[in-house]
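Chain by chain, the residues run as shown.
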Amino acid sequence: MSMQDELILIDQLEDQLIDNPDASTKKELYDTSLDETFQKKLNARAEQIANQNNGVDNENDAQGRSIANNYLFLVTKTHLAYEYRDYRSLDTELSEWFAFNDFSLLGGLQRNLENYDLEKKYLDISDIEMVERCISDVDLYNGKSLGLILYFAFGKYGECKDKEEQMHSIKANCKALFELGLFEKLTLMLQSFIDERIKIDVKNDFHEDLPIETESGYFKALTLFYFIINVILDEKNISNWRKLRKSLAKSDIISDFVRFIEHWKWNQNRTYKARYLFMIVWKLILIEMGDSTHISKVNDFLFDMHGIVNKRGKDIPTNKLTCSPLDYFTFREDLTDRFPLYKDDEIKMLPKKDVYEFSALKEALEENNKSIDNEYQYFMSMNSHSNSLSNLLENPRPNKSHTILSQLPAQTVHIATPVPSPPSAPSDFMSGGEKIRKLYQTNQGMPFIYPKTNEAEVPYAIKEASDILKNSVYESYSNKQLWNERQKFMIQERGFVNEYDEGKSYQFNEFDYNDELFEKYPEKEDEIHSLLRVESFYKKNLSRFHSLILILIETMKSNRLDYNLNFAEWELNPESSYFNNGKNVDRESKTKIDFVLMQQLEVLNIKEITLKATSSIIFLLLKWFKTNHVLKYYYFSSILFDDQYFNVLFEYMTRAFNNSDLQEFYNNKDGTDELDNVAEYEILINQNQLMNPQIKLPRFEFFNNCLKTSPQDYKYEFINKSLILKLPNEIDANNISNITIQRVNENFCFILINLLNITNKILIKNLTQRIFTLNELKPTEIFKIILLNYDNKFINKPILKILKKLIPYQGRKWKSINMDLISKVYLNCRLSLRDNWLSGKDLENDFNNSFDQEIALRALLQFYNIKNYPLQMASLGYQISTEDIPNLILDGNLESYDV
């Protein structure tokens, strides 16, 4: 078969898939993806070509060649076996609480109870009675009582044989301590300590470390507090969980911890244990507000309460495309511009929206509210003369306002008055010259004269598109909240009503949540509690968010990953240690050296665990603020953006994925070792913070120190030695070689997913200034490395969402080179009916309006926060003006109402 015949067969295959698919092909495309269908067809066609080339003389040879030909199209996919959860197993969370030096503050981890210096009367009675008496006498400065209770909370490890038995005892004993009322006493002790230390630091000019006895008592109280909340969180007992939530809501200790963290920012003191405060705040958010599963339940409750259609396959099929009201009305504007004679009477059948409810305007607008015209004006920035600052947030972009399309001339020829085609003349291309390519564009904002008949006013395709969009309009819960608040901002902006005065505000706010919801929805107690808890937390800590985020971002900066893991791995393993190669070094010196190396490694591990907690705090707060009110989420994300989150993130990610300190040295290059001739790119994807094993130090581990079971011949491994391409693979029916990566750094996976999701949430829709800021850091290369080498839905999803926002602002050359990324976005991200993310964006307008959009958002956020939280904003320097607003409504008649 000639090369030309083979190309014809491939062209026929493309036609069968894209232009004219038959019934069987359509079914395959529906059941699988385009990529998989194309691969199957390509394999079948390759086998057909091979059989035709080889004939049937040698069946075995033909079959062998066919199989070999199939493997020419084999694709390798690497899957990362990691499942994201809000927190890991209980034993992991408890063990990660401790550093080796902490054991000295606990009085040492003695093996039995008698080693505690206790009064004899405590030893003559049973454990529970002993614990009850200690709880009644417990005090932050009473080391004896705290020591006994701590030993009890640790599962009385002196009587345990193994880790499993100790974990069982920890769960039972911590539950018993909770039921005996220790948690409430610990809460009061810690709150008193925080108040006392803040007063002392404010009074003194310089800050001394806590006395060793006070520091020990403070750390013991924190440890007991942490153990109890983790056991209740892991147990998932509804009764205990609700009891704990009520206790925490009543004391509001999470706000005290946030206040203490802010105080530590300006009065740093190592004995205040800031790292442990981060870990406690993370777990308190999970308990008081809820985890990811609980957020979904709260969202479902809010959708039902506000009549929002659920997109998660409950009310709308997952494969159905939708569009926003603004997208629909923009299409309608384009339609009337293009076809001025078109009238859609059925448009008035759409449900109305009561835009204004206060009495002075209700009658004046009642008639308009009966039709969609009022909706149209509302979503299209009310009218052409409206110049509200908030219009920049959700600005309609019809074709006539597009920078390029508006510059095109109006059509001079249309279908109603055709002219003959120009005479054909030979071009330079026909005589061997360069082919001249011409681009023809019509002005989509100018009328298109179409012959009107009794059957149709517009082409059928246009009518069909209008019907499809009309039936696919979807208004999300977030957009409904945003437009509701934007409307109030516009009223205040024009001076119609003083929205800052609750007594004079005529607008009912359906998004204000209070205790009345418990009576109205008694079966949704947990969901309502979470909503109210988020509201109270935001209200009390609004003025502290900036300091809090500064501190949380600092934990990312401190993860510099500048410690060379090669040296530690060589020295800690006996077979490669310098002192075991014929050197006469005494055992004591070797022990000291190992201890120093382990302490340096422990610092790296602790920094990673701290970032794990701080990234979770940011991510959970962003999700909960968005659930409660979208402007809370916008405000929190704006602080992150202002504090240079993007710059810090990509410095950290660059160090994590391209860092010689995380890679093994290859000095021989003699080809004797399979690792000697590994390409630089292979080293980069195999040896990084993600692929390297998590740092584990058995001698410093909590349970090993409790049970004295530290292994003596432990093999230390800090750098990955298993190349991805050398891992076992499985070839599926589509000739795809699937490699599964089982060994990864789970802590870094957790951190990476959190940081990527935070990045996506900071990139708010229609705020292009943030996109331009991120684009300047050139993040697409590192995203591409992650996407192509570590296939994991939890990592891929936020990256693809980020890329969808970045791709429109990349150059043509980048798009042509990275069509694989563009295809991944199309195949894995949810699309809308009017998606113009790849083409059709008005780039010039976006660039010119980017700063204005950010300013408009800040004005709306300032209005929302001052209106709802004046005391907190006053502490930040914002106050409400007391000047009288002129009354524009005279004698009940609306004289001027230009919105």
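Nothing here was measured: the structure is a model prediction, and the numbers come from that model.

> Residue-level account of the overall build of the protein, with values.
Counting its regular elements, the protein contains 37 helices and five strands. By the burial criterion, 51% of the 899 residues in the protein qualify as buried. Here the analysis covers contacts within the protein between residues at least 6 apart in sequence; of these, 79% occur between residues at least 24 apart.

> Can you lay out the side chain of N745 for me, pointing to particular residues and giving the numbers?
Examined against the element boundaries, N745 turns out to sit in the loop between β3 (736–741) and α30 (746–762). Within polar-contact distance, the side chain of N745 engages the backbone oxygen of Q689 at 3.5 Å. Other than its neighbours up to four places away in sequence, N745 contacts E608, Q689, L690, N692 and Q694.

> Could you give an account of the pattern of salt bridges, naming the residues involved and the relevant values?
Scanning the model with the defined rule gives 34 salt bridges in all. Residue R259 is joined to D195 by a salt bridge in which the shortest nitrogen-to-oxygen separation is 2.5 Å. With R259 in helix α13 (residues 253–266) and D195 in helix α10 (residues 182–203), this pair connects stretches of sequence that are 64 residues apart. For D195, a relative accessible area of 30% translates into the label partly exposed. Within the structure, one salt-bridge network assembled from shared partners comprises R88, E93, E96, K283, K612 and E746.

> So what's going on with the nonpolar core? Which residues, and what values?
Within the largest apolar cluster, 213 residues are counted, with the highest numbers of intra-cluster contacts made by F225 and F257. Ranked by residue count, the leading element in this core is helix α25 (residues 587–628), at 16 residues. For F225, the residues in contact, after removing those within four places along its chain, are F183, L186, T187, L190, L248, I253, F257, I280 and L284. Ranked by size, the runner-up nonpolar core spans nine residues in total, among them F329, F331, Y342 and V458.

> Quick one: what's the story with the sheet that holds strand β2 (residues 729–731), residue by residue and with numbers?
Here three strands make up an open sheet; going across it, the order is β1-β3-β2 and the pairing mixed. With partners counted over all chains shown, the strands left at the sheet margins are β1 (75–80) and β2, one partner each. Going across the sheet, the axis of each strand differs from the next one's by a mean of 25°, ignoring polarity.

> Which residues make up the packing of helix α23 (residues 545–557) against helix α27 (residues 645–657), and what are the values?
Viewed as axis vectors pointing N to C, α23 and α27 meet at an angle of 20°, and their least axial separation amounts to 9 Å. Classified by the interaxial angle, the pair formed by α23 and α27 is roughly parallel. In this structure, α23 meets α27 at a crossing whose hand is left-handed. Contacts from I553, M556 and K557 of α23 reach α27 at Y645, V648, L649, Y652 and R655.

> An account of the environment of K761 is needed here, citing residue identities and associated values.
Tracing the chain through its elements places K761 in helix α30. Expressed as a C-alpha distance, the spacing of K761 and Y634, which sit 127 residues apart in the sequence, is 8.9 Å. When residues no more than four places from it in sequence are discounted, the contact partners of K761 are F619, L622, K623, K626, Y633 and S637.

> Kindly report on the pairing of β3, identifying the contributing residues and their values.
For β3, a buried count of five out of six residues is recorded, marking the element as mostly surrounded by other parts of the structure. Bridge count between β2 and β3: three bridges; the pairing is antiparallel. In the sheet register, E730 faces β3, and the bridge partner there is N738. If you look at the hairpin formed by β2 and β3, you'll find four residues sitting between the two strands, and N735 has a positive phi there, around 60°.

> So what's going on with helix α9 (residues 163–179)? Which residues, and what values?
Taking 1.5 Å of rise per residue, 17 residues should cover 24 Å, and α9 covers 24 Å from first to last C-alpha, within 8% of that figure. Taken together, the buried positions of α9 are occupied by Q166, M167, S169, I170, N173, C174, A176, L177 and F178. Taken from the residues just after α9, G181 is the one with a positive phi, measuring 90°.

The rules behind each value
Residues numbered from 1 in each chain as written. Predicted model: local features only at pLDDT ≥ 70, side-chain atom pairs only at ≥ 80, totals over all residues. Heavy atoms only, no water. Helix = DSSP H or I, 4+ residues; strand = E, 2+ residues; numbered from the N terminus. Buried < 20%, exposed > 50% of the residue type's maximum accessible area, 1.4 Å probe, protein only. Contact = heavy atoms within 4.5 Å. Polar contact = N/O pair within 3.5 Å; in protein donor to acceptor, adjacent residues only side chain to side chain. Salt bridge = Lys/Arg side-chain N within 4 Å of Asp/Glu carboxyl O. Core = buried A, V, L, I, M, F, W, Y, C linked by side-chain atoms within 4.5 Å. Pairing = 2+ DSSP bridges. Axes fitted to C-alpha atoms, helices over the stretch in contact; angles between N-to-C directions. Parallel < 35°, antiparallel > 145°, perpendicular 65-115°, else oblique. Left-handed = near helix turned anticlockwise from the far one by under 90°. Expected span 1.5 Å × (residues − 1).

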